[in-house]
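One letter stands for each residue in the lines below.
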Amino acid sequence: MREIASDSSLVGRGMTDGAGLFRRWFDRLTTAAASGRPTAYVFVMGSLAEVLRVFDFELSFPEINSLQTAVRRVAGQYLSEAEDYGYSPDICGYVKADVALQLRKGAHPMGTLPPPAIAVATTACNTYVKWAEIWERLYHIPIFTLDVPGTRRAGGQTWPGDPDFAADRDYVAAQIKELIALCETVSGKRFDIDRLRETLALTNAMTSAWRRAIALNRQRPAVFSALTEGTVYLGVANGLRGTPEGRDFFDGLVEELEYKAARGLGTIDDERYRLVFVGVPCYPIFRRFNEMFSEWGGVFVNSTYLWFASGGADLGFEYDLARPIESLAEGVLISVRHAIDGMLYQDGAVADVLEPFHVDGVVFHPIKSCRTVSTGLADSRRALLRRADIPSLFIESDMMDKRVVSEAQLKNRIDAFFEGLAARR
Ligand code: SF4
C-alpha cells in the first residue's frame, strides 16, 4: 500500500495540475494546427485513444472543445453562428458550437484547433454518428464508426464466459482490426503491437486510479466535488488517456485524495448534505450552479457524468496485455456499454451508490440540447423512487445555451429542495 504523503501542499494539486495539463494539451493542438500534424477527432464514449496513439495522431475531443466555450462564456456566439448557418436551435449544443468552430477555421478561446485527418465515432450516442458526417462533408476525411453493442434490456448485460458476450466481443475486435488498417492508410505508419501494449498499460494505471479516486469520495466529508473538481479530472481522463502524463496525474491525484481522506479534509468546509448528480452539468453558469448547492452545505459526492463522460473508465477495467486486441475489445465493450447505461439505465446504478456514499438526495438535471441523456430522466427518477426512499430534485436547464438557463428559477427550486432535506432531518 502506498505511504501517505505528509505534504499539505498536496491539497488542490489535482486542480492546478489538471488545469496546466489542459492548457498544454490545447497548446499542442494549436501547434498541430500550425504544423499540419495529423489529428484524430474522437468522442469521450469510446475514444479508441489506445489505438490512435500507436499511430501518433494528436487527439481532439469536440465535446470538450464545445463545453469549454460555455465555461468561458462565449458559447452563445458559436451557437448563434451555427443557427444562422442553418442548424436548428434544438439539436445538441456541442454539435452547433463545433460547427461554428470549424467555420471559424478552428478559432477557440483556448487556441486554434486543427482540422481532422480521421474521425472515430462510436454508437454510444446517435448524435456522434451524424456529427462525424459533418466533418466528412467539410473535410472529405475517412470516418470510422465503431458499433458497440449496448444493453438490450435493463439488467440484461452479459459478461466474459457467456457465449453472447463472446460474440459481441468478437464483433468489436473485428472492427478494431479494421480501424487499425484504416489508421495505417491514413498515417502511413505500420501498426506496432508493442506500442499498443504500452498505451494499454498506461490506460490500465489511469483507470484503476480513477476508480480509486471515486471510491475515496465515500469518505465523510467528501474529498472532491463530482461536479466541479470531477469535471477537471474527467478532462484529463479523456484527453490524456494512454499517456505517461495522464497516468502520473492520476497517481498524484490519488495521493492527494488519500491525504485529504486521512485528515478529514473535505472539498467544502461545511458539508451538510451529500448528493448524487444525474445528467450533464450546467456549463453556462457552471460556478454559480454549483454554489447554489454548496451554499446550503450540499456537495456532489458522485455523478452519472463521472461514469458516462469518462467512457466508463470509472469501472477501472484492466486490459490483459498478453492478448491486447481481444482484451481491448472486451474493455471497449464493457466500458462503453457501462457509459451508455449511465445515460439510459442509470436508476439501478444510482440506487447502488446511495448507501456506500451516504447520499441524502439525488439531483436530476435534464437539459434541452442533449436528448440522449435527458429524454428518459423523468422515468428514471420514478424508477429510482420505486427502489429507494430518497429525496430527489428535478431541474432543467442546458449545458451550452444560456438562453434557456433561468438562474432565479433554478435557485427557487434548489432552495425548496434543501428546505425539504432540512425538514426531513
Ligand atoms: S450525449 Fe448528448 S451532449 Fe453528448 S453528443 Fe450525444 S446528444 Fe450531444
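Just so it is clear, the structure is predicted and the values come from calculations on it, not from any experiment.

Here is what the cut-offs are and how they apply
- Residues numbered from 1 in each chain as written.
- Predicted model: local features only at pLDDT ≥ 70, side-chain atom pairs only at ≥ 80, totals over all residues.
- Heavy atoms only, no water.
- Pairing = 2+ DSSP bridges.
- Helix = DSSP H or I, 4+ residues; strand = E, 2+ residues; numbered from the N terminus.
- Axes fitted to C-alpha atoms, helices over the stretch in contact; angles between N-to-C directions.
- Contact = heavy atoms within 4.5 Å.
- Core = buried A, V, L, I, M, F, W, Y, C linked by side-chain atoms within 4.5 Å.
- Buried < 20%, exposed > 50% of the residue type's maximum accessible area, 1.4 Å probe, protein only.
- Near = heavy atom within 4 Å.
- Nonpolar A, V, L, I, M, F, W, Y, C, P; charged D, E, K, R; others polar.
- Phe/Tyr/Trp six-rings, centres within 6.5 Å; stacked < 30°, edge-to-face > 60°.
- Lys NZ or Arg CZ within 6 Å of the ring centre and 35° of its normal.
- Lys, Arg positive; Asp, Glu negative; His and termini not counted.
- Salt bridge = Lys/Arg side-chain N within 4 Å of Asp/Glu carboxyl O.
- Polar contact = N/O pair within 3.5 Å; in protein donor to acceptor, adjacent residues only side chain to side chain.

Student: Please explain the sheet that holds strand 7 (residues 273–279) as it appears in this structure.
Tutor: Hydrogen bonding along the main chain pairs the strands of a sheet, whether they run parallel or antiparallel. The parallel open sheet is built from four strands, whose spatial order is 8-7-9-10. Of all strands in the sheet, those bounded by a partner on one side alone are strand 8 (298–303) and strand 10 (392–394). Neighbour to neighbour, the strand axes of the sheet diverge by 30° on average, direction disregarded. Across five bridges, strand 7 lies against strand 9 (residues 361–365) in parallel orientation. The residue bridging G279 from the neighbouring strand is H365, located in strand 9. Here helix 14 (residues 346–354) sits on the sheet and contacts strand 7, strand 8 and strand 9; the angle it forms with strand 7, its principal contact strand, is near 165°.

Student: Help me understand the nonpolar core in this model?
Tutor: The tendency in soluble globular proteins is for nonpolar side chains to be buried side by side. Core analysis: the biggest nonpolar cluster contains 144 residues, and V51, Y94, I176, F250, F293 and V362 have the highest contact counts within it. For this core, the element with the highest residue contribution is helix 13 (residues 324–344), accounting for 10 residues. The contact partners of I176, leaving out residues within four places of it in the chain, are L48, V51, L146, I325, L328 and A329.

Student: I tried to follow helix 3 (residues 62–71) on my own but got confused; where do I start?
Tutor: Along an α-helix, a turn takes 3.6 residues, which lines up residues three or four apart on a common side. Counting buried positions along helix 3 yields nine of 10 residues, so the element is predominantly enclosed. Every buried residue belonging to helix 3 is among P62, E63, I64, N65, S66, L67, Q68, T69 and A70, and all of these are buried. Where helix 3 terminates, the next one or two residues include R73, which has phi positive at roughly 65°.

Student: How do you make sense of the site of the ligand when you look at a structure like this?
Tutor: Neighbouring the ligand are C92, Y94, C125, T127, Y128, C370, T372 and M399. Its residues assigned to classes, the shell around the ligand comprises six nonpolar, two polar and no charged.

Student: What should I look at first to understand the packing of aromatic side chains in this one?
Tutor: Each pair of aromatic rings is reported with the distance of its centres and the angle of its planes. Tallied over the full model, the rule gives 28 aromatic pairs. Seen from their ring centres, Y273 and F418 are 5.5 Å apart, and the 50° between their planes marks the pair as tilted. Residue Y273 is found in strand 7, and its partner F418 is found in helix 17 (residues 407–424); the two are separated by 145 residues along the sequence. This pair shows no difference in class: Y273 is buried, exactly as F418 is. Look at F293 and F418: their rings are 6.0 Å apart centre to centre, the planes differ by 70°, and that puts the pair in the edge-to-face class. With F293 in helix 11 (residues 286–294) and F418 in helix 17, the pair connects residues that are 125 residues apart, well separated along the chain. In this structure F418 comes out as buried when scored by relative accessible area, which is 0%. Stacked on the ring of Y78, the Lys or Arg R104 has its end atom at 4.0 Å from the ring centre.

Student: Please explain the side chain of E229 as it appears in this structure.
Tutor: Within the element layout of this structure, E229 appears in helix 9 (residues 229–239). No salt bridge is formed by the buried E229, whose closest oppositely charged neighbour, K260, lies at an N-O distance of 4.5 Å. A distance of 2.9 Å separates the side chain of E229 from the backbone nitrogen of S225, its partner in a polar contact. Polar side-chain contacts of E229 include one of 3.1 Å to the side chain of T228. E229 has contacts with M15, V223, F224, K260 and T267, leaving out every residue within four places of it along the chain.

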